[in-house]
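# Coordinates in review
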Amino acid sequence: MSTYPVARMGRRIALAGAVALTATLALAAPAAAHAEVEADKAQALAENAILTFVSEAESDSAGIAELRIVLPEGIAPGDVTLEEAPKGWKLKATDDGYTVDGAALKTGVDAEYKIKVRQLPDAKEVAFKTIETYSDGKVSRWIELPDGGAEPEQPAPVLELKAATPGAKPVSPSPSASPTESATPSPTPSATESDVAAAGSDTDANAAEEDNSDSTGLIIGGVIVALLVVGGGAWWLVKRRAASSPS
């Protein structure tokens, strides 16, 4: 029996394995870390709405220690109170939003917390620019807004709102909240106006490229190992068929 058909079958097995791996990786690629927000009352001018924020962990070596939020127009820092957060975490008002921080979470654990908003703005959608700081000093800025073009690489959490209930009116403005002493910017980078302005800087772009290259390297390494395993199995099958065939 000729070994040619068997060898051809081995090549087909290896090719099928490579195609399957490529398809799997392509489907998994969009599942990157991100920040999200949702509300129990996602409606313009809704009062005492509970907003839930989730920042997905994206570091393999450190935990999330602080979240810095820049509030959208129409929500003042004094309109926000903390409802639920990781154990020991506190909310501190800032000039343009608030921080929620405490002991760093375990590596790989998402940061989830809830706030109560006195009243949501009369708008179709509101964005909550978010900056995550990890225990090792790494900073992730989820502050990009859609501009009608390509999807932002680091989009800010956006909450879409239904139209206001007929007759709903804005409540009187709440007093501006003064930042507490503990909310004073620390040496660790945080979400100040300069951070937002620097979102498109070369430094952030380079950092994003480094993160992407690390992830890409791991994926490529996994593909190579998988292909070696598939190829080895095909080679073993060819040798076995050749050895067992009559001379």
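Before going into details, it helps to say that this report is about the structure given with it. All values reported here derive from a predicted model rather than from experimental measurement.

## Let's talk about the packing of aromatic side chains
Counted under the stated rule, the structure contains three aromatic pairs. Each ring, one from Tyr98 and one from Tyr113, has its centre 6.3 Å from the other, and the planes form 85 degrees; the classification is edge-to-face. A residue pair is termed long-range when its members are at least 10 positions apart, and Tyr98 in strand β6 (residues 97–101) and Tyr113 in strand β7 (residues 111–119) qualify at 15 residues. With relative accessibility at 1%, the residue Tyr98 sits in the buried group. Classification of Tyr113 as buried rests on a relative accessible area of 2%. Taking NZ or CZ as reference, Lys138 lies 5.8 Å from the ring centre of Tyr134, over its face.

## Digging into the pairing of β6
Counting buried positions along β6 gives five out of five residues, so the element sits mostly inside the fold. Residues of β6 alternate between two faces, with Gly97, Thr99 and Asp101 on one and Tyr98 and Val100 on the opposite face, all of them buried. Examined bridge by bridge, strand β3 (residues 64–70) and β6 share five bridges and lie antiparallel to one another. Within β6, the residue paired with Glu66 across the bridge is Asp101. In terms of strand pairing, strand β5 (residues 90–93) meets β6 through four bridges, oriented antiparallel.

## Re the pattern of salt bridges
As enumerated under the stated definition, the model contains three salt bridges in all. The shortest N-O distance in the salt bridge between Arg68 and Asp96 comes to 2.8 Å. Pair noted here: Arg68 is in strand β3 and Asp96 is in the loop between β5 and β6, with a separation of 28 residues, a long-range link. Like Arg68, the residue Asp96 is buried in the burial classification. Notably, a salt bridge pairs Arg118 with Asp79, separated by 3.9 Å at the nearest N-O pair. Of the two residues, Arg118 sits in strand β7 while Asp79 sits in the loop between β3 and β4 (80–84), which places them 39 residues apart along the sequence. Residue classification places Arg118 among the partly exposed positions, given a relative accessible area of 31%.

## Observations concerning a negative patch on the surface
Together, Glu36, Glu38, Glu83, Glu84, Asp110 and Glu112 give the surface a local cluster of negative charge. One can find Glu83 in strand β4. The class of Glu83 is partly exposed, set by a relative accessible area of 43%.

## Some points on the sheet that holds strand β9 (residues 129–134)
On the basis of which strands lie adjacent, the open sheet formed by five strands has the order β5-β6-β3-β9-β10 and antiparallel pairing. The open sheet has two free edges, formed respectively by β5 and β10 (139–142), since each of these has just one partner strand. On average, each strand axis in the sheet is inclined to that of its neighbour by 15 degrees, with strand direction left out of account. Relative to β10, β9 runs antiparallel, the two being bridged by four bridges. For Glu132, the partnering residue across the bridge sits in β10 and is Ser140.

What counts, and where the lines are drawn
- Residues numbered from 1 in each chain as written.
- Predicted model: local features only at pLDDT ≥ 70, side-chain atom pairs only at ≥ 80, totals over all residues.
- Heavy atoms only, no water.
- Phe/Tyr/Trp six-rings, centres within 6.5 Å; stacked < 30°, edge-to-face > 60°.
- Helix = DSSP H or I, 4+ residues; strand = E, 2+ residues; numbered from the N terminus.
- Buried < 20%, exposed > 50% of the residue type's maximum accessible area, 1.4 Å probe, protein only.
- Lys NZ or Arg CZ within 6 Å of the ring centre and 35° of its normal.
- Pairing = 2+ DSSP bridges.
- Salt bridge = Lys/Arg side-chain N within 4 Å of Asp/Glu carboxyl O.
- Patch = residues over 30% accessible without salt bridge, like charges linked within 9 Å, V, L, I, M, F, W, Y side chains within 5 Å.
- Areas by Shrake-Rupley, 256 points an atom, 1.4 Å probe, with all protein chains shown as cover.
- Lys, Arg positive; Asp, Glu negative; His and termini not counted.
- Charge placed at Lys NZ, Arg CZ, Asp CG, Glu CD.
- Axes fitted to C-alpha atoms, helices over the stretch in contact; angles between N-to-C directions.

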